[in-house]
Amino acid sequence: MKKNKVDIDIKQSIKNIDAYTHVRGESIYVDDVNVREGTLFSVVFDSPKAHGKIKSIDYSKAEKLQGVERIFTYKDILGENQIGGILPDEPLFAENEVHFWGQPIALIVAESEFIARQARRLITIEIEELAVITTCKEAKEKDNFINAPRSFNLGNTEKAFGDCDYIFEGETFSNGQEHLYLETQGAYTEPLENGNIKITTSTQGPTQVQKTVAKVLGLAMHKIEVDVTRLGGGFGGKEDQATPWAVMAALATFHLNQSVKLILNRHDDLRMTGKRHPYESTYKIGLSKDLKILAYEAEFLQNSGAACDLSPAIAERTLFHATNSYFVKNVKTTVLSCKTNLPPNTAFRGFGGPQGMFVIESAIAKAANEIGVSASEIQEVNLLKENDEFSYGQTATQVEAGNSWYSAKSSFNFDSLKQDVKDFNNSTSAFKKGIALMPITFGISFTNTPMNHARALVHIYQDGSVGISTAAVEMGQGVNTKMLQVAAQVFSIDNSKVKIETTNTTRVANTSPSAASSTADLNGKAVLKACNALLERLKDVASKELNTNKKQIKIKDEIVYMNNEQTNLTWTELITITMLKRIALTENAHYVTPIIQFDKTKEKGHPFAYHVYGTAIITTTVDCTRGTYSFDSIKIVHDYGKSMSKGIDLGQVEGALAQGIGWMTMEEIAYGKDGKLLSNALSTYKVPDLFSIAKTIDVVPLETEGNDMAILKSKAVGEPPLMYGIGAYFAIQNAIKAFNPNYNFKFHAPMTPEKVLMSLYEK
Ligand code: LUZ
Ligand code: MOS
């Protein structure tokens, strides 16, 4: 095997094109937009109870407050009071009932946000309380589901369990996770002539906003223009849940014919928005003597919250990733989307995949502990191989599960790391170390096949500069930089000649949200297609101009070459000539992912363009007096394909890793039995900081051919590395076990210091 010790040279790779304005504080977010004179400001009045009937609401005092313009409720909606994307089960404003604490009831519009907030305190509401459900177990007992269960099956588990030498069963819990985008949800809406409305907002899904505003306001979609410059973070939290705020502001603009701003403050955002879905799951795993997993069953209870949102799609991805990087011949997995009185939970980096992977990793850890081997032995013998079948029918090809695993073990000398941990544990008692390996396999494409499309609109202006519009939303992940690279590379022009325009529904329409790690692939391929079409056109013009065959023409570094020899014709001159010949310098391209399909009636198909692989080795040290822990090192071999933007991709790996570790170890969302969010501030909700991650992080690219379905063979990188964080959970478990031989492995994430301390001294 090749040695993969190729360090990323960030200096060599392109800088994120937003870096300059970011560090100078000049990047524009929704709250930075220059507002028009007379702009009004608004706050949302939300439910102070998790479940009940609204008996009465008194707005009169609030309405009389000086500076309050108007209060909008469901009664002001001329279209449909409905924002549900998959199922129509979510009103914009509650009518007669409330289903979660923080559910929007009204929008208060005033001369200033301060006045709107004062007015909110003057509203009184009387609610007849109904029983509150916060857990999946309760919802299941009461048959409270969002939709019908889904099951993915392969082989025959019942029969296979009969052949197993070992069978283990257990329960797991993984908690939700707050997105904590730096930029909270918000929108700024402006009236245009003839009742048209322009919306500037922080959404991953501009079309979803446009469509929903049109539906709620009872207008045609062409009356609504949505514009997105960039997001201060999304992480899935703005795939669907950026929509309601834009709709509310647009509703006010529609009625008042004035500009309206709505920016949630952090408390309001934390309380009113949904998060990663908590899961309560059970598993049964069967192995042979030689540690092959012969059968695996799991039932996933997803805490969907009070409305559907994206829950069914997220539940589906849990099933897609239920066996992570392993080939299991007999699989039976079921997911139930449980309706509870929490805010509707939503997309979050990984989209249900991490929740599924945590369960099989728990099952493996449990089996290893009971059998008396290390988990890595079980992991290793079950790794996915070429042509293995996933439970959903897709055949695994270009598999890098084994490659990344063995590369990680050899590049980082796993055996000696393991020995170091052992030696350390033998020599100290107040501190213990733990080590774990975490392989990942993540499918790339929206699992809902019709969503896998994108468009690009490319203008070459007559001075030779280029403007590009796509459906891609920049949310810090660097997608605009990648789009720029594609165009600059195809035309062979300087990066400074290319501008990436805002994401706007009048320039690129009917778009899928920027999500599923697929944005650079889908939009990049569209840019590639448009630029290639323009290039062909330009080569035609050049060949005529130079009296030669088009095949002899090449453009390199803004110079036209003929037979590989430099000519006097420059890029800019060629553009001028093309313009004078009245040939179009604009192209619009549409890209759809080929091959993919999925049949939900059979639960079989080929849903993913390709998979991303990798393996992490995580080492932790637990302070056995305090229950605190730190991570000594995280060493990763990651499958980037042929990375086109190494610095950006490394940033994605590091950021996702931090977020995964946060989810697994410290971020503890807490709701009271009454459905009130208790972890409602950063004083009670701890997210990773610089010290929480690891003293050293090494990320080594796996040298592979890349994949043709990936943009320039540079594989999707947004979500997959989050799941390396799952290894942190198991490293901690192993350290606890080294201290307390009586410890019974628990699979209840996050593994907070409090839980670690209890576990260290458990009898
Ligand atoms: N969003 C979505 C996603 O709508 N469909 C998906 O398959 C998906 N996967 C990951 C993240 N967001
Ligand atoms: Mo998503 S979790 O918005 O890619």
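What counts and how
Per chain, residues are indexed from 1 in the order of the written sequence. As they are written, the chains are lettered A onward and the ligands numbered 1 onward, keeping that order. Confidence filtering applies because this is a predicted model: local features only for residues at pLDDT of at least 70, side-chain atom pairs given and counted only at 80 or more, and all residues used for totals across whole chains, interfaces and linings. Only heavy atoms go into the side-chain values, all of them from the structure, while hydrogens and water stay out. By definition, any uninterrupted DSSP run of H or I lasting at least four residues is a helix, any uninterrupted run of E lasting at least two residues is a strand, and each is numbered from the N terminus. For the exposure calls, accessible area comes from a 1.4 Å probe over protein chains only, and a residue counts as buried if that area is under 20% of its type's maximum, exposed if over 50%, partly exposed in between. Note on contacts: a residue pair qualifies if any of its non-hydrogen atoms lie within 4.5 Å across the two residues. For accessible areas, the Shrake-Rupley method is used with a probe of radius 1.4 Å. Any residue's cover is judged against the shown protein chains and nothing else. Only four residue types enter the tally: Lys and Arg on the positive side, Asp and Glu on the negative side; His and the chain ends are excluded. Taken as the charge centre is NZ of Lys, CZ of Arg, CG of Asp or CD of Glu, depending on the residue. We call a residue near a molecule or strand as soon as one heavy atom of that residue lies within 4 Å of the molecule or strand. Whenever two N or O atoms come within 3.5 Å, that pair is a polar contact, provided that in protein one can donate a hydrogen and the other can accept it, and provided that, for residues adjacent in sequence, both atoms are side-chain atoms. Residues were grouped as follows: Ala, Val, Leu, Ile, Met, Phe, Trp, Tyr, Cys and Pro as nonpolar; Asp, Glu, Lys and Arg as charged; and all remaining residues, including Gly, as polar. Any carboxyl oxygen of Asp or Glu that lies within 4 Å of a side-chain nitrogen of Lys or Arg is treated as forming a salt bridge with it. Note: two strands are recorded as paired if DSSP finds a minimum of 2 bridges between them. Angles run from 0 to 180 degrees between N-to-C directions of axes, and those axes are lines fitted to C-alpha atoms, restricted for helices to the stretch in contact. The split of the chain into domains comes from an automatic or database domain assignment. What counts as buried area is the accessible surface, traced by a 1.4 Å probe, that two parts surrender upon association, with contributions from both included. Each angle is binned into one of four classes, with values under 35 degrees roughly parallel, values over 145 roughly antiparallel, values of 65 to 115 roughly perpendicular, and all other values oblique. In this scheme the crossing of two helices becomes right-handed for a clockwise turn of the near helix relative to the far one and left-handed for an anticlockwise turn of less than a right angle. Any Phe, Tyr or Trp ring, taking Trp's six-membered ring, that has another such ring centre within 6.5 Å forms a pair; planes under 30 degrees apart are called stacked, those over 60 apart edge-to-face, and the others tilted. Charge-over-ring placement is defined geometrically: NZ (Lys) or CZ (Arg) within 6 Å of the ring centre, and within 35 degrees of the ring normal.

Regarding its fold elements, the protein presents 19 helices and 30 strands. With respect to the three principal axes, the spread of C-alpha positions in the protein is 80 × 80 × 50 Å. Looking at the protein as a whole, 61% of its 763 residues qualify as buried. Of the contacts made within the protein by residues no fewer than 6 positions apart, 80% connect residues no fewer than 24 positions apart. Surface summary for the protein: the accessible area is close to 29,500 Å², and the carbon and sulfur share equals 50%. Averaging the positions of the 81 positive and the 88 negative side-chain charges in the protein gives two centres separated by 2 Å.

What follows concerns the site of ligand 1. Around ligand 1 sit Glu 239, Arg 317, Phe 351, Phe 446, Thr 447, Met 451, Ala 515, Ala 516 and Glu 719, and those are all the residues in its vicinity. Between an oxygen atom of ligand 1 and a main-chain N or O atom of Thr 447, the distance comes to 3.0 Å. Here Ala 516 contributes a backbone N or O atom positioned 3.3 Å from a nitrogen atom of ligand 1. Bound to the protein, ligand 1 loses 97% of the 290 Å² it would expose on its own. Taken together, the residues of the shell around ligand 1 sort by class into five nonpolar, one polar and three charged.

Examined against the element boundaries, Asp 309 turns out to sit in the loop between β14 (293–305) and α9 (311–320). Within the buried set, Asp 309 has no salt-bridge partner at all; the shortest N-O distance to an opposite charge, 12 Å, is to Lys 275. A distance of 3.1 Å separates polar atoms of two side chains, one belonging to Asp 309 and the other to Gln 241. Engagement of the side chain of Asp 309 in a polar contact is seen with the side chain of Thr 346, the distance being 2.7 Å. Setting aside its immediate chain neighbours within four residues, Asp 309 contacts Ile 86, Asp 240, Gln 241, Pro 344, Asn 345, Thr 346 and Ala 347.

Below, the discussion takes up the sheet that holds strand β10 (residues 197–201). Strand order in the open sheet formed by eight strands is β3-β5-β1-β12-β9-β10-β11-β20, with mixed pairing between adjacent strands. Edge positions in the sheet fall to β3 (68–72) and β20 (503–504), since each of these pairs with one other strand and no more. The strands touched by helix α7 (residues 243–256) within the sheet are β1 (40–46), β3, β5 (104–110), β9 (186–191), β10 and β12 (260–263), with β9 carrying the most contacts at an inclination of about 25°.

A separate point is the domain arrangement of the protein. Here the protein is described as being made up of domain 1 (33–131 + 179–272), domain 2 (279–447 + 600–760) and domain 3 (453–592). Here the C-alpha centroids of domain 2 and domain 3 sit 39 Å apart. With 22 residues of domain 2 at the contact, the number on the domain 3 side is 20 residues. Of the roughly 1,500 Å² buried between domain 2 and domain 3, counting both surfaces, carbon and sulfur atoms make up 58%.

This part covers the packing of helix α18 (residues 726–739) against helix α19 (residues 753–760). Look at α18 against α19: their axes get within 9 Å of each other, and the N-to-C directions meet at 30°. What the angle tells us is that α18 and α19 run roughly parallel. In terms of crossing hand, the pair formed by α18 and α19 is right-handed. Judged by residue contacts, Ile 732, Ile 736 and Phe 739 of α18 engage Val 756, Ser 759 and Leu 760 from α19. Among the residues forming the contact of α18 with α19, the class breakdown is five nonpolar, one polar and no charged.

For the coordinates displayed, the defined rule picks out 20 aromatic pairs. Ring centres of Phe 390 and Tyr 392 lie 5.0 Å apart, and the angle between their planes is 10°; on these two criteria the pair is classed as stacked. A residue is classified by how much of its surface remains accessible, and Tyr 392, at 1% relative accessible area, is buried. One aromatic cluster is present, formed by Phe 152, Phe 320, Phe 390, Tyr 392, Phe 598 and Phe 608 through successive ring pairs. The residue whose ring lies beneath Arg 276 is Trp 663, and the NZ or CZ to ring-centre distance is 4.8 Å. Sitting over the ring of Phe 424, Lys 433 keeps its end group 4.4 Å from the ring centre.

Let us now look at the packing of helix α6 (residues 206–217) against α7. The packing of two helices is summarised by the inter-axis angle and the distance between the axes. At a minimum axis distance of 9 Å, the contact between α6 and α7 shows a crossing angle of 45°. By the angle between their axes, α6 is oblique relative to α7. Here α6 and α7 pass one another in a crossing that is right-handed. Contacts from Gln 208, Val 209, Thr 212, Val 213, Val 216 and Leu 217 of α6 reach α7 at Thr 243, Ala 246, Val 247, Ala 250, Leu 251 and Phe 254. Taken together, the residues of the contact of α6 with α7 break down into nine nonpolar, three polar and no charged.

This brings us to the pattern of salt bridges. In total, this model carries 36 salt bridges according to the counting rule given. Put simply, Arg 117 and Glu 113 hold a salt bridge, and the shortest N to O gap is 3.1 Å. One end of the pair, Arg 117, and the other, Glu 113, are both in helix α3 (residues 113–121), four residues apart, so they sit about a helical turn from each other. On the basis of relative accessibility, which here comes to 31%, the residue Glu 113 falls in the partly exposed class.

The bulk of non-glycine residues show a negative phi, and the bulk of peptide bonds are trans. Between Ala 749 and the following residue, Pro 750, the backbone shows a cis peptide bond with an omega angle of 5°. If you trace the backbone, Pro 750 turns up in the loop between β30 (748–749) and α19. Its identity as a non-glycine residue notwithstanding, Phe 351 has a phi of 55°, on the positive side. Among the structural elements, Phe 351 can be located in the loop between β15 (330–339) and α10 (353–371). Accessibility expressed as a relative area gives 12% for Phe 351, which makes it buried. In this structure, Asn 547 is a non-glycine residue whose phi angle is positive, near 50°. Among the structural elements, Asn 547 can be located in the loop between α15 (519–545) and β21 (553–556). We classify Asn 547 as exposed; its relative accessible area is 73%.

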